[in-house]
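Here are the chains, one letter per residue:
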Amino acid sequence: MSEQAIGVFDSGLGGLTAVKELIKVLPQENIIYFGDTARVPYGTRSDKTIKVYARQDADFLLSKGVKLIIAACGTVSSVATELYEDLPVPFTGVVIPTATAAVRATKNGRIGIIGTPATVKSSSYKKEILRQDDRITVYQQACPLFVPLVENGFISADDPIVQLTVERYLSEMKAAGIDTLILGCTHFPIIAEAISNYLGKGVTLIDSGKETALYAANILGNKGLLNNSNTLGNCKYYVSDTVEGFRKTADVFLGKSVEYEAAHINVEHLIKKTQS
Ligand code: DGL
């Protein structure tokens with residue numbers, strides 16, 4: 001069991017920010033990633049659609065025999081919560097690990113949350129923060145333009161389009177004096193520099209991918225599922241759109257030095273599996 005892969009999925013390539021951290025935290029683990037690049041974005045879709053897509057994504061990873069599933073997607077983690085109860089292997093989304101890190105980080109009790117419209121509408125991070133500490137004041141903002149900016153390579157902190165968009169979305173939270181900001185979508189760490197430049201050094205940014213990688217390592221440790229081999233793990237990536245598209249953008253999320261093997265999976269195949 002311990003040599004089986006960890007399964008990670010996202011609506012697109014944002015979840016690779018979690019994979020990058022997983023490779024750092026658990027270098028010996030095998031990883032299978034599925035990015036539903038043919039159907040991204042999820043964050044502007046209805047709850048019903050997001051739940052169906054999430055189930056299909058998880059089923060694909062289960063068909064690969066994974067020992068743990070990580071929904072490295074703020075939207076799926078916020079909306080498809082019944083996945084937690086329904087899977088034959090351990091599962092984590094990004095909400096609990098990220099909210100826990102934010103509660104630990106804040107000193108002034110003012111936490112900002114940014115995510116996709118579906119994530120913010122669900123108030124998932126807010127509910128989890130208040131469950132842990134009801135004295136905290138939470139500010140939420142949906143940032144739908146961040147995902148297409150990142151997917152299209154508008155990521156430089158010097159780019160005026162990025163700067164303007166950051167300012168438009170974050171000015172109210174800045175004025176409210178937050179000292180901690182949850183990057184509640186796995187695409188957002190890619191523009192963390194622009195966000196940090198705007199908010200200033202006094203605001204701690206919480207990266208959902210990083211916190212979730214640490215949390216997943218704990219789950220595996222507690223369940224005796226860690227791969228104790230001495231060799232480096234292997235990562236295999238599947239996408240529902242073209243592999244060429246994946247190759248163009250993946251470096252931005254994974255970091256240039258990562259070697260990878262990528263393959264296409266037909267989204268029709270995922271749909272048929274859920275219907276049968
Ligand atoms: N990576 C997804 C998330 O974390 C955002 C992209 C999307 O809207 O599908 O919410």
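All values reported here derive from a predicted model rather than from experimental measurement. (Residues numbered from 1 in each chain as written. Predicted model: local features only at pLDDT ≥ 70, side-chain atom pairs only at ≥ 80, totals over all residues. Heavy atoms only, no water.)

Visitor: If you had to explain the overall build of the protein to someone new, which residues and values would you point to?
Guide: Helix and strand counts for the protein come out as 13 helices and ten strands. Taken over the C-alpha trace, the protein has a radius of gyration of 18 Å; the compact-globule value for 276 residues is 19 Å, and the two agree within 12%. Oriented by its inertia axes, the alpha-carbon framework of the protein measures out at about 50 × 40 × 40 Å. Across the 276 residues that make up the protein, the buried fraction comes to 55%. (Helix = DSSP H or I, 4+ residues; strand = E, 2+ residues; numbered from the N terminus. Rg over C-alpha atoms; globule rule 2.2 N^0.38 Å. Buried < 20%, exposed > 50% of the residue type's maximum accessible area, 1.4 Å probe, protein only.)

Visitor: I'd like a rundown of the site of the ligand, residues and numbers included.
Guide: Taken together, 14 residues are adjacent to the ligand, and Ser11, Tyr42, Gly43, Gly74 and Thr75 come closest. Within the backbone of Tyr42, a nitrogen or oxygen atom sits 2.6 Å from an oxygen atom of the ligand. The backbone of Thr186 places a nitrogen or oxygen atom 3.0 Å from an oxygen atom of the ligand. Its residues assigned to classes, the shell around the ligand comprises six nonpolar, seven polar and one charged. (Near = heavy atom within 4 Å. Polar contact = N/O pair within 3.5 Å; in protein donor to acceptor, adjacent residues only side chain to side chain. Nonpolar A, V, L, I, M, F, W, Y, C, P; charged D, E, K, R; others polar.)

Visitor: Account for helix 12 (residues 243-254), with residues named and values stated.
Guide: Counting along an α-helix, one turn takes 3.6 residues, and residues three or four places apart therefore face a common direction. Listing the buried residues of helix 12 in full gives Val243, Phe246, Thr249, Ala250, Phe253 and Leu254. Down the axis of helix 12, the sector holding all buried residues measures 140 degrees, keeping them to one side. In helix 12, the exposed positions that point more than 90 degrees away from the buried face belong to Glu244 and Lys248. Looking at the buried side of helix 12, the elements it contacts are helix 1 (16-25), helix 8 (146-151), strand 9 (235-239) and strand 10 (261-264). (Arc of directions from axis to C-beta. Contact = heavy atoms within 4.5 Å.)

Visitor: An account of the pattern of salt bridges is requested, with residue identities and associated values reported.
Guide: Pairs can form between side chains of opposite charge once their charged atoms are near each other. Under the definition given, this model contains eleven salt bridges. Between Glu82 and Lys51 there is a salt bridge; the shortest N-O distance is 3.8 Å. Taken together, the residues span a long stretch of sequence, with Glu82 in the loop between helix 3 (74-79) and helix 4 (83-86) and Lys51 in helix 2 (residues 47-63) at a distance of 31 residues. Using a relative accessible area of 34% as the deciding quantity, one classes Glu82 as partly exposed. (Salt bridge = Lys/Arg side-chain N within 4 Å of Asp/Glu carboxyl O.)

Visitor: An account of unusual backbone geometry is needed here, citing residue identities and associated values.
Guide: The omega torsion of the bond from Val40 to Pro41 falls at 5 degrees, within 30 degrees of zero and hence cis. Inspection of the secondary structure assignment puts Pro41 in the loop between strand 2 (31-35) and helix 2. The backbone of Ser123 shows a phi angle near 55 degrees, a positive value even though the residue is not glycine. For Ser123, the position within the fold is in the loop between helix 6 (117-122) and helix 7 (124-132). A relative accessible area of 16% means that Ser123 is categorised as buried.

Visitor: Describe the sheet that holds strand 7 (residues 180-183), naming the residues involved and giving the relevant values.
Guide: Either a parallel or an antiparallel arrangement is found when strands of a sheet pair, and the pairing is made through backbone hydrogen bonds. A sheet is described by the order of its strands in space; here four strands give the open sequence 6-5-7-8, paired in parallel fashion. This sheet does not close on itself; its edge strands, each paired only once, are strand 6 (137-142) and strand 8 (204-207). Adjacent strand axes in the sheet meet at a mean angle of 20 degrees when their direction is disregarded. In the packing of helix 11 (residues 208-222) onto the sheet, contacts are made with strand 7 and strand 8, and the angle to strand 8 comes to roughly 55 degrees. (Pairing = 2+ DSSP bridges. Axes fitted to C-alpha atoms, helices over the stretch in contact; angles between N-to-C directions.)

Visitor: With reference to specific residues and values, describe the pairing of strand 7.
Guide: Burial along strand 7 is two-sided: the face carrying Thr180 and Ile182 and the face carrying Leu181 and Leu183 are both buried. Relative to strand 7, strand 5 (residues 110-115) runs parallel, the two sharing four bridges. Counterpart to Gly112 in the pairing with strand 7 is Leu181. Alignment of strand 7 against strand 8, held across four bridges, turns out to be parallel. Across the sheet, the residue bridging to Leu181 is Leu205, located in strand 8.

Visitor: How would you sum up the pairing of strand 1 (residues 6-10)? Please name residues and give values.
Guide: Consecutive residues of a regular strand have side chains that alternate between opposite faces of the sheet. Buried residues dominate strand 1, accounting for five of its five residues. Judged from the five bridges that link them, strand 1 and strand 2 form a sheet pairing that is parallel. In the strand pairing of strand 2, Val8 is matched with Tyr33. Regarding the hand of the β-α-β motif, the stretch spanning strand 1, helix 1 and strand 2 is right-handed. Taken together, the four bridges between strand 1 and strand 3 (residues 68-71) define a ladder with parallel strand orientation. (Right-handed = clockwise from strand over helix to strand, strands pointing away.)

Coordinates in, geometry out; function isn't part of it.
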